[in-house]
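The lines below spell out each chain.
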Amino acid sequence: MTNILITGSAGFIGANLVLRLLESDVPLNLVGLDNLNAYYDTSLKDYRLGLIDKKAVVHPEHRYEFVKGSIADRDLINRLFAKHGFDIVVNLAAQAGVRYSIENPDAYIESNIIGFYNIIEACRHHPVKHLVYASSSSVYGGNKKVPFSVDDHVDNPVSLYAATKKSNELFAHCYSKLYNIPSTGLRFFTVYGPAGRPDMAYFGFTNKLLKGETIQIYNYGNCRRDFTYVDDIVEGIVRVMKKAPEKRLGEDGLPIPPYKVYNIGGGQPENLLDFVQILQEELVSAGVLPQNYDFETHKQLVPMQPGDVPTTYADATALERDFGFVPKITLREGLRKFAEWYKEYYEKEFDLML
């Protein structure tokens, strides 16, 4: 039975990954780890964990255990690795958010630097077959060349969050070289979908519109984002998990780092104003907002915010080449699924507000 650790397992991507793995044909021993911090509404994390518990009951062929704790707790990490002897580690635990990193840098150093160090040290002392970890499209910073390629230089981060994610890639490369640890970093591009993070634009916009508040559209609407639906992200992760970088020796007899980095993005950057238009249409269609909602009075075009970039655009040809995978879910289809979920999840509130 393959032993797998998923950190950040109550998070948006982590929970969806656990749900997907519980449908695997091969029996798995899954350990989920999350500190359940209050960066956003913890009831959403409880909701995701509830979905996992329900699915675990109907898939008894797998073993599933949830552990509440932080990757910054080195003793806990070492105990888990010693107990389970993980074959694969998927590190999705991180302090997320670009703007939040400007106000709360300590949280990023603790989770994204110290926490990742603890994970990779544990992989060193309890050798794993594959370490897969979340990086971010933020590492591309203010790069003007698009689409963003993994071959581009990423030495100019514009936020502490981006700097910590680039640091993770450097740590992984170093440990892959020194200790022959197969590692794969995944640069995610603007992940969205049902039960996502409320601080993401599509979710935050919906909350504000429902309350009759004004939404702010940055860079006067001249931003483009490569939105990627969460199921596409999970499909990419699962494929990558199964194929670790090959261990090889160089001419000097030392290991060639078994290290890879890939972009996972839709490959179709959407203008922010078009995104808002589609979102509002789907919110009305799902019954989240009334047919006669006056969107124009609830929009405000504002300047670019510190730490933001005007465009994210993934060149994901390497992922397609090595894993035969291309994201398939369109922005309209994905936002429709989000709107339908939002209506169901917050239905009682709608009865009071509409």
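Our subject is the structure that appears above.
Notes on the structure in this doc start here. As the structure is a prediction and not an experimental result, all values here were calculated from the model.

With that settled, consider the side chain of Asp 34. Inspection of the secondary structure assignment puts Asp 34 in strand 2 (residues 28–34). A distance of 2.9 Å separates a polar atom in the side chain of Asp 34 from the backbone nitrogen of Ala 10. Residue contacts for Asp 34: discarding those within four places in its chain leaves Gly 8, Ser 9, Ala 10, Gly 11, Phe 66, Val 67, Lys 68 and Gly 69.

Glancing now at the state of the cysteines. Applying the stated criterion across every chain yields a total of zero disulfides. Note on Cys 123: no disulfide assigned, nearest cysteine sulfur contributed by Cys 174 at a separation of 14 Å. On the basis of relative accessible area, Cys 123 is assigned to the buried category, the value being 1%. Judged by its relative accessible area of 36%, Cys 174 is partly exposed.

As summarised here, the arrangement of the seven strands in space is 3-2-1-4-5-6-13, forming an open sheet in which the pairing is parallel. Among the strands making up the open sheet, the edge pair consists of strand 3 (63–68) and strand 13 (259–264). In this sheet, neighbouring strand axes are inclined to one another by 15 degrees on average, regardless of whether the strands run parallel or antiparallel. As defined by bridge partners, strand 6 (residues 183–188) adjoins strand 13 across six bridges and the pair is classed as parallel. Counterpart to Leu 186 in the pairing with strand 13 is Tyr 262.

Moving on, we come to helix 7 (residues 201–210). An α-helix turns once per 3.6 residues; consequently, residues spaced three or four apart project the same way. Judged by how many residues are buried, helix 7 sits mostly within the fold: seven of 10 residues are covered. Those residues of helix 7 that fall on the buried side of the exposure criterion are Tyr 202, Phe 203, Gly 204, Phe 205, Thr 206, Leu 209 and Leu 210. Where helix 7 ends, the next residue or the one after it, Gly 212, has phi of about 80 degrees, a positive value.

Time to look at the packing of helix 9 (residues 272–285) against helix 11 (residues 331–345). For the pair helix 9 and helix 11, interaxial distance at closest approach is 9 Å and the crossing angle is 45 degrees. By the angle between their axes, helix 9 is oblique relative to helix 11. Here the hand of the crossing between helix 9 and helix 11 comes out right-handed. In contact with Phe 275, Ile 278, Leu 279, Glu 281, Glu 282 and Leu 283 of helix 9, helix 11 contributes Leu 331, Arg 332, Leu 335, Arg 336, Phe 338 and Ala 339.

What counts, and where the lines are drawn
- Residues numbered from 1 in each chain as written.
- Predicted model: local features only at pLDDT ≥ 70, side-chain atom pairs only at ≥ 80, totals over all residues.
- Heavy atoms only, no water.
- Helix = DSSP H or I, 4+ residues; strand = E, 2+ residues; numbered from the N terminus.
- Polar contact = N/O pair within 3.5 Å; in protein donor to acceptor, adjacent residues only side chain to side chain.
- Contact = heavy atoms within 4.5 Å.
- Disulfide = S-S within 2.5 Å.
- Buried < 20%, exposed > 50% of the residue type's maximum accessible area, 1.4 Å probe, protein only.
- Pairing = 2+ DSSP bridges.
- Axes fitted to C-alpha atoms, helices over the stretch in contact; angles between N-to-C directions.
- Parallel < 35°, antiparallel > 145°, perpendicular 65-115°, else oblique.
- Left-handed = near helix turned anticlockwise from the far one by under 90°.

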